[in-house]
Amino acid sequence: MGILQGKRILVTGVLTDASIAFSVAKLAQEEGATVVLTGFGRLSLVERIAKRLPSPAPVLELDVQNTEHLDTLAARVGEHVDGLDGVVHSIGFAPQTALGGNFLNTSWEDVATALQVSTYSFKSLAVACLPLMKEGGAVVGLDFDASKAWPVYDWMGVAKAGLESCSRYLARDLGKQNIRVNLVAAGPLRTMAAKSIPGFKEFEDSWPEKAPLGWDLSDTIPAAKACVALLSDWFPATTGEIVHVDGGVHAIGA
């Protein structure tokens, strides 16, 4: 019996098998969950990746900037499961002009895109899934510590700060429906998202040295385990929390 035995979990943001979302989906299945995936853009790629899971999972299209996709999400997920016990938000995007040291020159249009996709979508996704969460459950989002101004992260850092605040307000408003809302703030990992950040090598070079526990830039399992734990019944009274899975860098002021 796994800690997610019998649970129904929606995982967004799977793009490659190097993504945190893929590891969450894989571990969730290994712990007994039924998993549904969403993808955006290259759905055929996501479908191929889904076949690498212990049990192939259905893949639904979800563009969080598309109102129709959000409005129909519950019905489309409902074709595969009769409800949801957990939702994983692994969605983030910022135009190149919003990253890499261009903070002072980024246009509002590009900032707005980053905020809609990376921050507002946390609320949008949670609300879209509410009709399937009548018995409560858990919403877990993937974060990167927003308490500092990191090199090259720029407007994505602002978006993550918004995500952290959004999580607290969601925790406040969804608690009455017995839905817990938490974030996992992972350290830097060599995912597809990381490769799109100009200057990401600055994180790669310094993070393993700073982390008290060390840090493996290619190992998504620690972050995935934290997500699965928060999706389980083992955190029944925890909401509005940020769980750092970064080797300890957030704690030491390095």
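Rules used in this analysis
Residues numbered from 1 in each chain as written. Predicted model: local features only at pLDDT ≥ 70, side-chain atom pairs only at ≥ 80, totals over all residues. Heavy atoms only, no water. Salt bridge = Lys/Arg side-chain N within 4 Å of Asp/Glu carboxyl O. Helix = DSSP H or I, 4+ residues; strand = E, 2+ residues; numbered from the N terminus. Buried < 20%, exposed > 50% of the residue type's maximum accessible area, 1.4 Å probe, protein only. Pairing = 2+ DSSP bridges. Axes fitted to C-alpha atoms, helices over the stretch in contact; angles between N-to-C directions. Contact = heavy atoms within 4.5 Å. Core = buried A, V, L, I, M, F, W, Y, C linked by side-chain atoms within 4.5 Å.

Trainee: Is there a simple way to think about the pattern of salt bridges in this case?
Mentor: Two side chains of opposite charge can pair, provided their charged atoms sit close to one another. Tallied over the entire structure, the rule returns 7 salt bridges. The salt bridge partner of D85 is R8, with a shortest N-O separation of 2.9 Å. Here D85 is found in the loop between helix 4 (73-77) and strand 4 (86-89), whereas its partner R8 is found in strand 1 (residues 8-11), with 77 residues between them in sequence. Among the residues examined, D85 registers a relative accessible area of 13% and is labelled buried. You can call R8 buried: its relative accessible area is 16%. The partner of R172 in a salt bridge is D173, and the shortest N-O contact between them spans 2.7 Å.

Trainee: What should I look at first to understand the sheet that holds strand 4 in this one?
Mentor: Sheet strands pair by backbone hydrogen bonding; their relative direction is either parallel or antiparallel. The strand order across the open sheet built from 7 strands is 3-2-1-4-5-6-7, with neighbouring strands paired in parallel fashion. Both outer strands of the open sheet, strand 3 (59-61) and strand 7 (242-245), are each paired with one neighbouring strand and no more. In this sheet, neighbouring strand axes are inclined to one another by 20° on average, regardless of whether the strands run parallel or antiparallel. In the sheet, strand 6 (residues 179-186) pairs with strand 7 via 4 bridges, with the strands oriented parallel. Paired with V184 across the strands is V243, a residue of strand 7. Sheet strands in contact with helix 1 (residues 20-30) are strand 1, strand 2 (34-39), strand 4, strand 5 (137-143) and strand 6, and its direction is about 165° off that of strand 2. In the packing of helix 5 (residues 108-129) onto the sheet, contacts are made with strand 1, strand 4, strand 5 and strand 6, and the angle to strand 4 comes to roughly 165°.

Trainee: Looking at this structure, I do not really get the nonpolar core. What am I missing?
Mentor: The tendency in soluble globular proteins is for nonpolar side chains to be buried side by side. Judged by nonpolar contacts, the single largest core of 54 residues is most densely connected at V11, V24, V35, L37 and V184. With residues up to four places along the chain from it excluded, the contact list for L37 reads V11, V14, A25, A50, L53, A57, P58, V59 and L60. Counting 31 residues, the second largest nonpolar core, distinct from the first, contains L10, L73, L174 and V181.

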